[in-house]
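Here's the letter readout for the chains.
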Amino acid sequence: MGRVDRGLAALEGVHDVSVNLASETARMTVDDPARVGAAVEALDDLGYPARRATVTLNVESMSCASCVGRVDKALEAVPGVLEVNVNLASETASVTYAEGTVTPSDLTAASAGAGYPATVAEASGGEDRGARKEEEARGLLRQTALAAALALPVFLVEMGGHVLPAVHHWIDATIGQQTSWVLQFVLTTLVLAGPGRMFYRKGIPALLKGAPDMNSLVAVGTGAAYVYSVVATFLPALLPEAVRAVYFEAAAVIVVLILLGRFLEARAKGRTGAAIRKLLGLQVRTARVMRGGESVEVSVDDLSAGDMVLVRPGERIAVDGEVTEGSSHVDESMLTGEPVPAEKGPGDAITGGTVNGAGSLTFRATRVGADTTLSQIIRMVEEAQGAKLPIQGLVDRITLWFVPAVMSAALLTVLVWLVFGPSPVVTLALVAGVSVLIIACPCAMGLATPTSIMVGTGRAAEMGVLFRKGDALQQLASVGVVALDKTGTVTEGRPEMTDLVLAEGVERADVLSKIAAVEARSEHPIAEAVVRAARAEGAPRAEATDFASVTGHGVRATVDGVEVLVGADRLMAREGIETGALAARETELASRGRTALFAAIDGRIAAVIGVADPVKPASREAIAALHDKGLTVAMITGDKRETAEAIARETGIDHVIAGVLPDGKVAALDELREGHRQVAFVGDGINDAPALAHADVGIAIGTGTDVAIESADVVLMSGDLRGVVNAFEVSTRTMRNIRENLFWAFGYNTALIPVAAGVLYPAFGLLLSPMLAAGAMALSSVFVLTNALRLRRIVPAMDERTATRPAAHAAQAPAE
C-alpha cells in the first residue's frame, strides 16, 4: 500500500493521495483530467494495475469519418477514459476506462454533448444492430421515395426546358416561367423541409459549433442553391438579369441522391454483420434439464454448471458439457470445419451450438452463459470487427480536418470565380462552390477500413479463424516467417504405431495380439500406442502373465504359454536372439525418426515395430501452401534434432530449431527475426504461451489449452495447420481490400474536387453540375461498401477436402 501511495504522490499534478487496502481503491486530486491516465500507467509500472472496464456504445447520427473523429475526441476527453475505438461501419464506440473514475452514463452524455446521441449496447448487440440497420434502411427507402416523387416534376420541368427548347416554350406559353418557378419552389421546399430536414437538423448545429460534418456540407450546398433560387423567384431585382436563374432542381435532386446513397449504405452495413447474426442463430434458447427426476424445459439463461441436460436426436446442443449417458454422432462443422460428424459417448466433451445426430445424449453442463465456447467466439468476432487497425489512425487524422478544408476550398472556389470568372459570374461561382461542397463528403473515407474489417473478420469466423486482436489482421499480412511448434501442431501430439514389419512365417494378427497383451501391462506411452493399434485392427485379445520390466531394455511376459519379449536391440542381444534381416529395417525406421522396437516370440525374432507421433494429415499440404504465399516455415521443438529433421524432410519445413526448452522458444523467435522479418508463431500447449505472446502474431490451435488461446492474437477452431493458411488468406485479401477502398476514397476526392471547382472550364468549358456531384458522392460510398462485401466470397485456401488422409498404417512421423 505504501508503494502505491508514494508512487502516485510522486506524480506531477497529483495531490491528496489516499490508498485504502480494504476497499482496494485509491483516491486523489488531480489538476488536469489527463493526469488520471498517467496515474493508471504508474500503477501498472508499480505492479498494481488499476481495474479496467470496457463498455460498447451504440452511437447515432454518425455519417462520415469526421463524425468518428469528433465522437472519439469527445469520449477521450472524459477523465478516466484510457482507450476509445469508434467504428463508423457498426456505428459503435468501444471505451476502456479506469473503474471508479467514470460511468457508462457519463460516456453517453459526452457523446450526446458532441451531437451524437448514444446508448449502452446490450450483450446481444450484434442481433440488435442488424435489426436496427434493416429498420433504418426501410425508413430511408420511404424518405427517398417521397423525396423522389416531389423532386421528379421539378427535375423534368427545369432540366427538360434546358435540354429540349420545345419544353421551355411550352411552359412559357401555358403556365409561364414565374408560375413554373413558384411551383418548383413549393415542391423543393417540401423536399428540404421533409426528407431533407435531417441534413439541416444535424448539419447546421455542427457548423455553428465549429465542427462541420457531412451533413453540414449538404446543408450549406443545398441551402445555397435554394436561397439563390428563392431570391431569383421572389426578389429578382436583387440580381442582374443575366444571372436570374433557379437551381431548385439541384437542391431537390441532391437530397434524393444522397438519401439513396444512405439507403444503399444502410442496407450494405446490415449485410456486413451477417457473420455475427449467423453465429447468434446457433445459440439455443431452451434446453431440457433433469429437475427432481423429471425432464423440464427451461430457458438456456437459467442453466447452471452441473445441470444434467438431455439432447434428443437432431437437436442443437445448448451449452458446453461432458456426456454422461448415451452415444451419438455430433456435427461439429461450425467449429472445426470437418464435414464428418464426431462420435460422442460417455466422457466425451461436447460444445454448445453443435448439432446432435440420430442418438440421444445426456450431458453434464460444464460452461454456461458467457463462458460457453460459442459465446466466446461471438465476443471475439465482435471485438475484432470493432477493432481499429493502425492504418485507420492515419485516415482518422486526415478526415478530422477534411470537412473544414473542403468548406474552405468551396469558399475559395466561389471567390476565385467571382474575381476571375466569365459572365454570368455569380451563377458559375454558385454552381462550382456547391459542387465542391457536395462531391467532397468524406463518407467513403470513413467506411473504407471498418467495413472491410467487419466483413473480413466475419468471413474468417465462418472459416474457423478468430482474430482475437484486431491489429493482427493487418500485422499478419506483413509476416515473413511462420514458426511452428511440433507436438500437437505439426504432429498429432501422441505416439501411434506407424509400422509393423514381420519376420517370415508369422501372422500379423497373432504377433500383434501377443505384443499388445504384453504392452497392456505397461504404462509407457509407446506401449499404449501399440495397444490402441491392436484394438483398431481387431486383433484377438490375449492375457499376459509373469510380466516383468527390464529397465533400460524393454518388457517380457508369457502369453498363451510362450515367452514374448518387446524392447530395444540391446534386449535382443542380451537374450541372444538374432534380429537377422529385420536389423536393417530397424535402422531404416530409426533414420526416419521412428522409435523402433523388436518383438521376439518363443526365442525367435518376430517383428520390428515403428512408433511415432504422426504428422497431422493436413500439415504437409498446409506447409506447401504457406510456401506458395512466399513464407518461410520454421519448426521450434524440444525434441532431438534427428527426429525434428526427419519431420522437416517429410513436411517440407525450411528451418529447424531443436532441443529448446519452453523459455528457449522466445529466444528462437528472436533468432528468426534477424533481417527485420516479422514472425508468426503457431502453438497449442501451455509451454507455448510465452512464445505466442512474444511473436509478432501468435496463432493458437483451437484444440489447445486455454492458456495458449488467451496468449494468442489469432485462434484457429480447426485442430491443424489448414487454419493458418486460411488466416493468411483472409489477412492478405482484407488488407488488399482496404487499400483498394482507401485508394478509391482518397483518389476520388483528390481528383474530383478540382474538377468540381471548375479547373476544366477554361480549357474545355466543362463545369460539374451539383446534381452529378451528389450522384458521384453517393456512388463513392456505395462502391466502397460493395467492394468490402466482396470479402464475403473469400474461399478457404485450404479446407477438409485438401488434406490427405493417411492409410491405416502409413508411416507418418516421429514422436517428440
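Now for a description of the structure that goes with this document. Remember, predicted model here, so these are calculated numbers, not experimental data.

## Some thoughts on the sheet that holds strand S27 (residues 697-701)
Stage number 1. Pairing in this open sheet of seven strands is mixed, and the strands run S16-S28-S27-S26-S17-S24-S25 from one edge to the other. Because the sheet does not close on itself, it has two edges, and the strands there are strand S16 (465-467) and strand S25 (655-657). Averaged over all pairs of adjacent strands, the angle between their axes in this sheet comes to 20 degrees, without regard to strand direction.
Stage number 2. Looking at chain direction, strand S24 (residues 632-636) and S25 are connected through three bridges and run parallel. Looking at S25, one finds that Ile636 is bridged to Ile657.

## Re helix H4 (residues 104-113)
Stage number 1. Of all the residues in H4, the buried ones are Leu107, Thr108, Ala110 and Ser111. End-on view of H4: buried residues confined to an arc of 160 degrees, all on one side of the axis.
Stage number 2. Phi for Gly115, located one or two positions after H4, is positive at around 100 degrees.

## Considerations on the pairing of strand S10 (residues 320-325)
Stage number 1. The sheet contact formed by S10 and strand S15 (residues 361-367) spans five bridges and is antiparallel. Counterpart to Glu325 in the pairing with S15 is Thr362.
Stage number 2. Looking at chain direction, S10 and strand S13 (residues 349-350) are connected through two bridges and run antiparallel. From the neighbouring strand, Gly321 faces S13, where its bridge partner is Ile350.

## Overview of the environment of Pro79
Stage number 1. As for its position among the elements, Pro79 is in the loop between helix H3 (65-76) and strand S4 (81-87).
Stage number 2. Its relative accessible area of 37% is what places Pro79 among the partly exposed residues.
Stage number 3. A C-alpha to C-alpha distance of 8.8 Å links Pro79 and Tyr97, two positions 18 residues apart in sequence.
Stage number 4. Once residues lying within four places of it in the same chain are set aside, the contact partners of Pro79 are Pro33, Thr101 and Val102.

## Considerations on the pattern of salt bridges
Stage number 1. Applying the stated criterion across every chain yields a total of 24 salt bridges.
Stage number 2. As a salt-bridge pair, Glu297 and Arg288 come within 3.6 Å of each other at their nearest N and O atoms.
Stage number 3. Linked through salt bridges whose partners overlap, the residues forming this network are Arg556, Glu563, Arg574 and Glu575.

## Digging into unusual backbone geometry
Stage number 1. Although it is not a glycine, Asp546 sits at a positive phi angle of roughly 55 degrees.
Stage number 2. With respect to the helices, strands and loops of the structure, Asp546 is situated in strand S19 (residues 544-550).
Stage number 3. A positive phi is found at Asp560, a non-glycine position, where the angle reads about 55 degrees.
Stage number 4. Structurally, the position occupied by Asp560 is in the loop between strand S20 (554-559) and strand S21 (562-567).
Stage number 5. By relative accessible area, Asp560 is classed as exposed at 58%.

## Structural notes on the pairing of S27
As a general feature of sheets, a regular strand has side chains that alternate between the two faces.
Stage number 1. Most of S27 sits out of view: five of its five residues are buried.
Stage number 2. Of the two faces of S27, the one carrying Val697, Ile699 and Ile701 and the one carrying Gly698 and Ala700 are both buried.
Stage number 3. Note that strand S26 (residues 678-683) and S27 share four bridges and pair parallel. For Phe681, the partnering residue across the bridge sits in S27 and is Gly698.
Stage number 4. Sheet topology note: the S27/strand S28 (residues 714-716) ladder contains three bridges and is parallel. Across the sheet, residue Ile701 finds its bridge partner in S28, namely Leu716.

Reading guide: rules and limits
- Residue positions are given per chain, counted from 1 along the sequence in the order it is written.
- With the structure being a predicted model, the display of local features is reserved for residues of pLDDT at least 70 and the display and counting of side-chain atom pairs for 80 or more, all residues being used for whole-chain, interface and lining totals.
- In computing side-chain values, all of the structure's heavy atoms are included and hydrogens and water are not.
- Each pair of strands is called paired provided DSSP finds at least two bridges between the two strands.
- Secondary structure counts use DSSP, requiring at least four H or I residues in a row for a helix and at least two E residues in a row for a strand, with both numbered from the N terminus.
- Axis definition: a line fitted to C-alpha atoms, over the contacting stretch in the case of helices. Angles run 0 to 180 degrees between N-to-C directions.
- Categorising residues by exposure relies on relative accessible area from a 1.4 Å probe, with only protein chains included: less than 20% of the type maximum marks a residue as buried, more than 50% marks it as exposed, and the intermediate range marks it as partly exposed.
- What the arc describes is the spread of directions from the helix axis to the C-beta atoms.
- We call two residues in contact when some of their heavy atoms are within 4.5 Å.
- Note on definitions: salt bridges are taken to be side-chain nitrogens of Lys or Arg within 4 Å of carboxyl oxygens of Asp or Glu.

The values are spatial; any link to function lies outside them.
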